[in-house]
Structures are given as C-alpha cells and as structure tokens.
Amino acid sequence: MEINKYINKEIVSFNKDLDIFLNKYKTDNKLFKVMCYSLRNGGKRLRPIIIKEVSKSLNLKKRQYINSMIAIELIHSYSLIHDDLPCMDDDDYRRGRLSTHKKYGEAQAILAGNSLLTMAFNLLAKDSNPLLVNLLSDLSGFKGLAGGQSLDIDITKKNVSYKMIDEIHELKTARLFEFCTSAPLIITYESSNKINLARKYGKIIGKIFQIIDDIHDYAHKSNELINILNVMTKDDALLRCQKYEMQAESYRKKIFPNGSDKMKDILSFIINRKY
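Treat the numbers as computed from the prediction; the structure is a model and nothing was measured.

Engineer: Now, about the nonpolar core: what can you tell me, with residues and values included?
Structural biologist: The tendency in soluble globular proteins is for nonpolar side chains to be buried as a group. Counting residues in hydrophobic clusters, the biggest one holds 83 residues, and the most contacted among them are L74 and F179. Among the elements that line this core, the one with the most residues is helix α10 (residues 192–220), at eleven residues. Look past the residues within four positions of L74 in its chain and what remains in contact with it is F21, L39, L116, M119, A120 and L123.

Below is the structure:
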C-alpha cells in the first residue's frame, strides 16, 4: 500500500531530524539519557508527519516547521512516560520495551517527562511566534492533554458514560492533533477562521485515532480497560469513525481546496493501521 511506504519513509526522515536535534546536546547527563530512551522508542510519528504534510501543502520551508514537529513529539513522549507510571495506567512495557519507569525508576521517569515538556516549549519559543506557544500550552495543559489524563485517572466502570469517554478522547488525544493541523496555518498567519477550521479538522482526526486505539486495546490487552467499548459495541464505534471521516473530509476540502490528498490517505492509514 502506497501510504504505508510513505509513512515508513517519513518515520525514517523524522527520526534522523530527531537525532540531529538530540545530538546537539552531547551530554552524559543521566536524565538526558532517560529522556532519549523514551524519545527513541519507535512509534508511528504521526503527529509530526501531519505537521509536515500540512506545512508542505502551504509551501512552508522545513526550517519554518521543523521545531513544531519535534516539539509535538517531545510532548507526546512526555505524556507516554507519565501515562505508564504506577499511579496512572501502571504499564510495564511500551512498544515491546520496558516502560521508562521500569527501566530507570519512577523518580527518573517523572523528571524525564517534566524535562521533555519544558524542552518542547524552549524549542518552540525559538520561532518567536507567541500564538504557536500559547496554543500548545493550552492544548497540553489542564484544558487539554493533562486535563484528559486527570479525568482518565478518576473514571471507573461504575460511573463511565459515552460523554465522559468522549471528553477524555478529546482532551487527552485530540487536542494534540489540533495543534498538528493548525500550527502550520499559524506559522503562515492565516485567518483565525481558517485556523479554527484546521483545529476542528485535527480534533476529528484525533478522535478517530483514539477510537481505533481503544478497539485495539480492548481486543489485545485487557477488556478490563475503560474505553469506548464499555459504552458501545465495536460496530457502533467503527460507524462513528465513518461519520467522523466524512466530517474530516469536508474540513480538508475547505482548508486545502487545491489538494493535500495525502492528508486523506493519512487518515485512512490511521483507521486501518496495524499494530
């Protein structure tokens, strides 16, 4: 499948850019080593890939969007480190390797996550675009990613509902995808209307991503996990994805009237991806 080749090619490309970025530090600092352990633990790199694809559609040069690509992956990695902690999801493994806290201990894992978060904003600040920094801080803080993690901690099967699951999906996952689809438009100083449209587009992509993740987790990890299949059947969840896909396509055509078919392919990859 052509999109799989594209994704794999972009993963290799991004990992090279990430290595170049990390190699600038050239330090034996233990905490930095722990940070790199998480960052270099594979993954589909979909968030930075989306930023790159949207940026290319807007004819941006790499130097204009590379910091946003790396910053979003730094924040994503921070969230995974903290998600795996015993006080959160309590996962011993991440992508087939020991999770960060199992490899280096809980204290080092917490510090590594905190450091990745601050590093992301340090990097993004170099672009001297306050709107970009403000958006990412909103989407990753209590109104976004961290807020979703907080809700996820408190939810139980006794009080679970679709509304709660949907809110967690939106905050914990979709918010970062909002940044991926809208950051390039902020960089080019597009109108607020178009930026908001791009954020809606990213939110839909993020919700699809998390529904598919939930379906996989339920089937392959444990049906004790709290996710969308606690409140609807797999068929209903996939049907919801189809509706979201139609919404996403309408947004895509408005944002990219002259093309960016690759974004349509990326969404198809997200829906049909294998683990």
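Engineer: Describe the pattern of salt bridges, naming the residues involved and giving the relevant values.
Structural biologist: Enumeration according to the criterion identifies 17 salt bridges in this entry. The closest approach of N and O atoms between D166 and K207, which form a salt bridge, is 3.1 Å. One end of the pair, D166, is in helix α9 (residues 162–187); the other, K207, is in helix α10, and 41 residues separate them in sequence. For the pair formed by D166 and K207, the shared burial category is buried. One continuous salt-bridge network, built from bridges that share partners, spans D166, E170, R175, E178, R199, K203 and K207.

Engineer: Describe helix α4 (residues 62–84), with residues and values.
Structural biologist: For α4, with 23 residues, the first-to-last C-alpha span of 33 Å sits near the 33 Å given by 1.5 Å per residue. Most of α4 sits out of view: 20 of its 23 residues are buried.

Engineer: Go over unusual backbone geometry, please, and point to the residues and values.
Structural biologist: Its identity as a non-glycine residue notwithstanding, N59 has a phi of 65 degrees, on the positive side. With relative accessibility at 68%, the residue N59 sits in the exposed group. Positive phi is not limited to glycine here, since D90 has a value of about 55 degrees. Mapping D90 onto the fold places it in the loop between α4 and β1 (93–94). Residue D90 is classed as partly exposed on the basis of its relative accessible area of 44%.

Engineer: Which residues make up the packing of helix α3 (residues 46–57) against α4, and what values go with them?
Structural biologist: Pairs of packed helices are described in terms of their axes, by the angle between the two and the distance that separates them. Contact geometry of α3 with α4 gives a least axis separation of 8 Å together with a crossing angle of 160 degrees. When the interaxial angle is binned, α3 and α4 end up roughly antiparallel. Relative to α4, the crossing made by α3 is right-handed. Contact residues: R47, P48, I51, K52, S55 and K56 in α3; Y65, S68, M69, I72, E73 and H76 in α4. Grouping the amino acids of the contact of α3 with α4 by side-chain chemistry returns five nonpolar, three polar and four charged.

Engineer: Could you give an account of a negative patch on the surface, naming the residues involved and the relevant values?
Structural biologist: Taken together, D89, D90, D92 and E106 make up a surface patch of like negative charges. Among the secondary structure elements, E106 is positioned in helix α6 (residues 106–125). A residue is classified by how much of its surface remains accessible, and E106, at 44% relative accessible area, is partly exposed.

Engineer: Explain the environment of K264 to me, and be specific about the residues and the numbers.
Structural biologist: Assignment of secondary structure puts K264 in helix α12 (residues 261–272). Residue classification places K264 among the partly exposed residues on the basis of a relative accessible area of 46%. Along the chain, K264 and E106 lie 158 residues apart, while their C-alpha atoms are 40 Å from each other. Among residues more than four places away in sequence, those in contact with K264 are E249 and R252.

Engineer: Could you give me a rundown of empty space enclosed by the protein, with the residues and numbers involved?
Structural biologist: Within this structure, the stated rule accounts for two cavities of 30 Å³ or more. What the largest cavity holds in volume is close to 70 Å³. Contributing to the lining of the largest cavity are Y37, S38, N41, L80, I81, D84, R94, R95, L98, S99 and T100. A per-element tally of the lining of the largest cavity places α4 first, with three residues. Approximately 40 Å³ is the volume attributed to the second largest cavity. The wall of the second largest cavity is formed by Y162, D166, H169, K207, I211, I228, R240 and Y244. Looking at the lining of the second largest cavity, the elements that each hand over two or more residues are α9, α10 and α11 (234–255). Sort the elements by how many residues they give to the lining of the second largest cavity and α9 lands first, with three residues. Partitioning the lining of the second largest cavity into residue classes produces four nonpolar, one polar and three charged.

The rules behind the values
- Residue indices begin from 1 for each chain and proceed along its sequence in written order.
- Where totals are concerned, whole chains, interfaces and linings use all residues; where local detail is concerned, this predicted model gives features only for residues with pLDDT of at least 70, and gives and counts side-chain atom pairs only at 80 or more.
- Hydrogens and waters are ignored; side-chain quantities use all the structure's heavy atoms.
- Grouping buried Ala, Val, Leu, Ile, Met, Phe, Trp, Tyr and Cys residues that are joined through side-chain atoms within 4.5 Å yields what is termed a nonpolar core.
- Think of it in three bands: residues with accessible area under 20% of the maximum for their type are buried, residues over 50% are exposed, and the middle band is partly exposed, with areas taken using a 1.4 Å probe on protein chains only.
- Each helix is a run of H or I in the DSSP string that is no shorter than four residues. Each strand is a run of E no shorter than two, and both are numbered from the N terminus.
- We call two residues in contact when some of their heavy atoms are within 4.5 Å.
- Here, a salt bridge means any Lys or Arg side-chain nitrogen found within 4 Å of an Asp or Glu carboxyl oxygen.
- A helix is expected to reach a length of 1.5 Å times the quantity of its residues less one.
- To get an axis, a line is fitted to the C-alpha atoms, and for a helix only the part in contact is used. The angle between two axes follows their N-to-C directions and goes from 0 to 180 degrees.
- Here the word oblique covers every angle except those under 35 degrees (roughly parallel), over 145 (roughly antiparallel) and from 65 to 115 (roughly perpendicular).
- Helix crossings are classified by the rotation of the near helix relative to the far one: an anticlockwise turn of less than a right angle makes the crossing left-handed, while a clockwise turn makes it right-handed.
- When residue character is reported, Ala, Val, Leu, Ile, Met, Phe, Trp, Tyr, Cys and Pro are called nonpolar, Asp, Glu, Lys and Arg charged, and the others, Gly included, polar.
- Nonpolar side chains (Val, Leu, Ile, Met, Phe, Trp, Tyr) are joined into patches within 5 Å and like charges within 9 Å, using only residues with over 30% relative accessible area and no salt bridge.
- What sets the accessible areas is the Shrake-Rupley method with a 1.4 Å probe; for residues, cover comes only from the shown protein chains.
- When charges are counted, Lys and Arg are positive and Asp and Glu negative, with His and the chain ends excluded.
- Taken as the charge location is NZ of Lys, CZ of Arg, CG of Asp or CD of Glu.
- Cavity means a closed set of points on a 1 Å grid over the protein atoms alone, one where a 1.4 Å probe fits but cannot get out, pocket means an open set with protein on both sides within 12 Å along at least 5 of 7 lines, and lining means a residue has an atom within 4 Å of a point.
- Grid points are joined across faces, edges and corners, and a volume is the space filled by probe spheres set on the points.

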